[in-house]
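Summary of the model geometry
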Amino acid sequence: MPSLPTLPHRTWLERISLSLAIGLVGLSVATLGGWWLNLPDLLQQTNSQPSLKINGAVAFLVLGGVLLAIELGRPKLALLAVAGAVIGLSTLAQDIFRQDFRIDEMLGRDHLLIDTEHPGRISAMIAVCLVLGGGVLAWRATELGARARLFAEAVVGSVIASTGLSTLLGYGAGLPAVYRWGTETATSPVAAIALVLLGLALVLLAWRESMKNEGAAP
């Protein structure tokens, strides 16, 4: 009788990467549920803190899904990360050119106007991180410049994770200048957690592939 197929054994680093991807997807889904089902407890820790906007949750959901696809052996789906980068780039374009492309509340009305300059618009810092994270993840869909990609993933992941951690420390220390990042729109604590998850996932991806191919950290 032939033996039943078994699931591949995952290393502890692979299990951590998978957990980070699932965590990012879960956080994004919970945020979208909070907006669309009108459940404010899923959006804010306290009534005085800003929330992660719908567009940001959608972008993090896409990037989390791409990370999950990579962990499940579907690297070609990494190209979908372009969608997350486009959301970030469109937001930055609105801020730079002082225009309203009417995308901020396209998927739902923002009824929690706390520490935000434009209803439904994610902060510029989140937008920058989405562009960087989406760009390096989409790069995984190709075989071009693998060594440079590993370096980019490690650097971008470190920057994104540091941004999220700094934002959380800003809230903990009660320093608005830190979590506002020089703008009128604050980066929410939920968004900061999402940035930490995304950044660590990128660093681990680069670390694992570099250790496998070269036996050293990127």
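Residues numbered from 1 in each chain as written. Predicted model: local features only at pLDDT ≥ 70, side-chain atom pairs only at ≥ 80, totals over all residues. Heavy atoms only, no water.

In an α-helix, one turn spans 3.6 residues; hence positions three or four apart end up facing the same way. The end-to-end C-alpha distance of helix H1 (residues 12–36), which contains 25 residues, comes to 36 Å, matching closely the 36 Å that a straight helix rising 1.5 Å per residue would cover. Phi turns positive one or two residues past the end of H1, at Asn-38, with a value near 55°. (Helix = DSSP H or I, 4+ residues; strand = E, 2+ residues; numbered from the N terminus. Expected span 1.5 Å × (residues − 1).)

Locating Arg-149 in the fold gives a position in helix H5 (residues 146–173). For Arg-149, a relative accessible area of 6% gives the class buried. Residues in contact with Arg-149, not counting those within four places in the same chain, are Val-136, Trp-139, Arg-140 and Glu-209. (Buried < 20%, exposed > 50% of the residue type's maximum accessible area, 1.4 Å probe, protein only. Contact = heavy atoms within 4.5 Å.)

Here Arg-102, not a glycine, exhibits a phi torsion of approximately 60°, which is positive. Mapped onto the elements of the fold, Arg-102 is located in the loop between helix H3 (81–97) and helix H4 (124–139).

Looking now at the environment of Thr-116. Residue placement: Thr-116 occurs in the loop between H3 and H4. Separated by 17 residues in the primary sequence, Thr-116 and Gly-133 place their C-alpha atoms 23 Å from one another. Ignoring any residue separated from it by four or fewer positions in sequence, one finds Thr-116 in contact with Lys-53, Arg-121, Glu-184 and Thr-185. Of note is the side chain of Thr-116, whose polar atom sits 3.0 Å from the backbone oxygen of His-118. (Polar contact = N/O pair within 3.5 Å; in protein donor to acceptor, adjacent residues only side chain to side chain.)

Moving on: the packing of aromatic side chains. How two aromatic rings sit relative to each other is given by the distance of their centres and the angle of their planes. Under the defined criterion, the tally for this structure stands at one aromatic pair. The interplanar angle of 5° and the centroid separation of 3.8 Å between the aromatic rings of Tyr-171 and Tyr-179 together place this pair among those described as stacked. (Phe/Tyr/Trp six-rings, centres within 6.5 Å; stacked < 30°, edge-to-face > 60°.)

On average, residues of the protein chain carry a pLDDT of 91, and 94% of them reach 70 or more. In the predicted structure, residues 3–7 sits below a pLDDT of 50 and forms zero contacts with residues beyond four places in sequence or in another chain. (pLDDT = per-residue confidence, 0-100.)

Looking at the secondary structure, you find Val-155 in helix H5. The spatial distance from the C-alpha of Val-155 to the C-alpha of Glu-117 is 30 Å, given a sequence separation of 38 residues.

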